[in-house]
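For reference, the chains in residue letters:
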Amino acid sequence: MPITDLSPPPPLAPDVALFLDFDGTLVELAEAPDAISVPHHLPRLLTRLGERLDGRIGIISGRALADLERHLDCRGFAVSGSHGAELRLGDGTSLPVETPESLSAARIAVRALATRFPLLIVEEKPAGIAVHYRRVPEAQDAVIALMTELAEGDGFVLQRGKMVAELRPRGADKGAALRRLMREPKFAGARPLFVGDDLTDEDAFAAAASINGAGILVGPPRKTAARWRLADVAAVAAWLEEGAR
Ligand SMILES: O=P(O)(O)OC[C@H]1O[C@H](O[C@H]2O[C@H](CO)[C@@H](O)[C@H](O)[C@H]2O)[C@H](O)[C@@H](O)[C@@H]1O
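What you see is a predicted model; the values in this text were computed from it and never measured.

Visitor: What should I look at first to understand the overall build of the protein chain in this one?
Guide: Across its full length, the protein chain holds seven helices and eleven strands. Radius of gyration (C-alpha) of the protein chain: 18 Å, near the 18 Å computed for a compact globule of 245 residues. The C-alpha extent of the protein chain, read off along each of the three principal axes, is 50 × 40 × 40 Å. Counting all 245 residues of the protein chain, 42% fall into the buried class. Contacts in the protein chain between residues at least 24 apart in sequence constitute 57% of all its contacts with a sequence separation of at least 6.

Visitor: Teacher, can you tell me more about the sheet that holds strand β2 (residues 57-60) here?
Guide: Paired through their backbone hydrogen bonds, the strands of a sheet run either parallel or antiparallel. Spatial ordering of the open sheet is given by β4-β3-β2-β1-β9-β10-β11, a layout of seven strands whose pairing is mixed. Two strands in the sheet have a free side with no partner beyond their single neighbour: β4 (86-88) and β11 (228-230). Each adjacent strand pair in this sheet contributes to an overall mean axis angle of 20°, direction not counted. Strand direction decides the pairing type here: strand β3 (residues 78-81) and β4, joined by three bridges, are antiparallel. In the strand pairing of β4, V79 is matched with R88. Strands in contact with helix α6 (residues 201-210) are β1 (16-20), β2, β9 (191-196) and β10 (214-218); relative to β9, the strand with the most contacts, it is inclined by about 160°.

Visitor: Looking at this structure, I do not really get helix α3 (residues 103-116). What am I missing?
Guide: The end-to-end C-alpha separation of α3 is 20 Å, in line with the 20 Å expected for 14 residues at 1.5 Å each. Among all positions of α3, only L103, A106 and V110 are buried. Projection of α3 onto a plane perpendicular to its axis shows the buried side chains occupying an angular sector of 55°, all on one side. Residues of α3 that are exposed and angled more than 90 degrees away from the buried face: S104, A105, I108, A112, T115 and R116. Contacts made by the buried residues of α3 are with β5 (121-125), β6 (128-132), α4 (140-151) and β8 (164-169).

Rules used throughout
- Residues numbered from 1 in each chain as written.
- Predicted model: local features only at pLDDT ≥ 70, side-chain atom pairs only at ≥ 80, totals over all residues.
- Helix = DSSP H or I, 4+ residues; strand = E, 2+ residues; numbered from the N terminus.
- Rg over C-alpha atoms; globule rule 2.2 N^0.38 Å.
- Buried ≥ 20, exposed ≤ 12 C-beta atoms within 10 Å, placed from the backbone.
- Contact = placed C-beta atoms within 7 Å.
- Pairing = 2+ DSSP bridges.
- Axes fitted to C-alpha atoms, helices over the stretch in contact; angles between N-to-C directions.
- Expected span 1.5 Å × (residues − 1).
- Arc of directions from axis to C-beta.

Structure, rendered in structure tokens:
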């Protein structure tokens, strides 16, 4: 079945709750997780959007929360890390993280694989683990095979992404995070919009659509649960700038 292209989203409406992905949406992708460059205008832009939307703004990232906050000050925003496994509400309350028991064994197995492919980047998260093969694409098959096998054990789901394979806790995903944040009084009755580029963002597109909102895909057309599309990080920034006016 052919993939139909999606229109750009309309201007940001005042009744929206705005949820944003980080890598590939607010920030250009880079060769390694630590090699990103956060646009200098971004913190002020997010603050202005928060003011415009009466605080109904959140960041929902695949990164571990502590890692995300090394790059972006998220104080004052609702925020989720590790593909929904970590959640901090807008008032600063952190919800407990459930770590699968098999995480220690998974870490050992992943480190062993990284000794075979030294250019792999292993990113440890509080409740999961990611293996990046962007610098060593020939390791993809071995990475996917190992992560698939580890995900078949208790507690984990395999999360594919852009040149990365991850184990995330079963039951935690970006859609569940969006739904949880929408239960907060501040977000009640608003229309959730989620903006994201990667496969993990599809759960949040579907969740937003199911509560009278919509998803905005960033990047080329693909099979998606999103309703609108923006071409790239620059187009997202321009749309957000317009919405913050
Ligand atoms: O949900 P996100 O906030 O978009 O996080 C998804 C993953 O982003 C990061 O990896 C991706 O970006 C890296 C830096 O540009 C890039 O090198 C890598 O290839 C991408 O997959 C992050 O490191 C992961 O933990 C996130 O899950």
